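# Working through the structure, step by step
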Amino acid sequence: MLEHCNTIRDVSRALPALLPADPDLAVPSSAKLLDAHTKGLRQHYDDLFPVIDRAGHTLAEAIKKLDPGESADPDGEGVAALEQTEDYFKRRREQLQHWHDAFVEMGASPSHGVFAALNRLDNLYMWIVATMQEVRWAVLFAEGVRAQAESSETRLFTSSAEWLACLRED
């Protein structure tokens, strides 16, 4: 149903815009500032998780309700939006790593809570990337099943080499 492919596309596009802004993490020069950054990172996670959780459930429901006879992504916008969201969160993970390195460089104790907060947020971003990949592959798979059902030609492969050779032909 068009409603479900629009949901996939719209949720994927909106996800980065719905997120709270990153905390401003200038490199702290004192333990007090480092503690403030820890609190900000924890708050960012707490604000972000419910949004991500709802978006993930919305995408999962849209995938479940896709009609096998209809295109999951007729214009390719859903897959493109999922890829963009995935790239966005990969860049956010790189930013977290930069902050981690900056805190280490400034001499923050490895046992300080800021590192646990960074890791927790990084794990959430990693989960988002994995979810976007899973939804994207589900959409692509649904498109492939539909295309195969519509195709008059059936191709069977006996080896992975034969399959790869077929891909090069197209």
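The present account deals with the structure reproduced in this document. (Residues numbered from 1 in each chain as written. Predicted model: local features only at pLDDT ≥ 70, side-chain atom pairs only at ≥ 80, totals over all residues. Heavy atoms only, no water.)

### Describing the nonpolar core
Put simply, the test is: For this analysis, a nonpolar core means a set of buried residues of the types Ala, Val, Leu, Ile, Met, Phe, Trp, Tyr and Cys, connected via side-chain atoms within 4.5 Å. Type-normalised accessible area, obtained with a 1.4 Å probe on protein chains alone, sets the label of each residue: buried when under 20%, exposed when over 50%, and partly exposed for intermediate values. Helix and strand definitions follow DSSP, with helices as H or I runs of at least four residues and strands as E runs of at least two, each counted in order from the N terminus. Any two residues having at least one pair of non-hydrogen atoms within 4.5 Å are treated as being in contact.
Ranked by internal contacts, the top residues of the largest apolar core, which has 25 residues, are Leu-41, Phe-103, Leu-118, Leu-121, Leu-124, Tyr-125 and Ile-128. Listing elements by their share of this core, those giving two or more residues are α2 (31-64), α3 (77-105) and α4 (113-150). For this core, the element with the highest residue contribution is α4, accounting for twelve residues. Filtering out sequence-adjacent residues up to four positions away, Leu-121 remains in contact with Leu-41, His-44, Tyr-45, Leu-48 and Leu-96.

### Some details on the pattern of salt bridges
Rules: Throughout this description, the term salt bridge denotes a Lys or Arg side-chain nitrogen within 4 Å of a carboxyl oxygen of Asp or Glu.
Per the stated rule, a full pass over the model turns up five salt bridges. Residue Asp-46 is joined to Arg-120 by a salt bridge in which the shortest nitrogen-to-oxygen separation is 3.3 Å. Of this pair, Asp-46 sits in helix α2 while Arg-120 sits in helix α4, and the two are 74 residues apart along the sequence. Measuring nitrogen to oxygen at the nearest pair gives 3.8 Å for the salt bridge that ties Arg-136 to Glu-83. A residue pair is termed long-range when its members are at least 10 positions apart, and Arg-136 in helix α4 and Glu-83 in helix α3 qualify at 53 residues. Of the residues examined, Arg-136 reaches a relative accessible area of 11% and is grouped as buried. Residues joined in a network through salt bridges with shared partners are Glu-83, Glu-86, Lys-90 and Arg-136.

### Regarding the environment of Glu-134
Within the element layout of this structure, Glu-134 appears in helix α4. Overall, Glu-134 belongs to the exposed group, its relative accessible area being 62%. For the pair Glu-134 and Leu-82, spaced 52 residues apart in sequence, the C-alpha separation works out to 9.7 Å.

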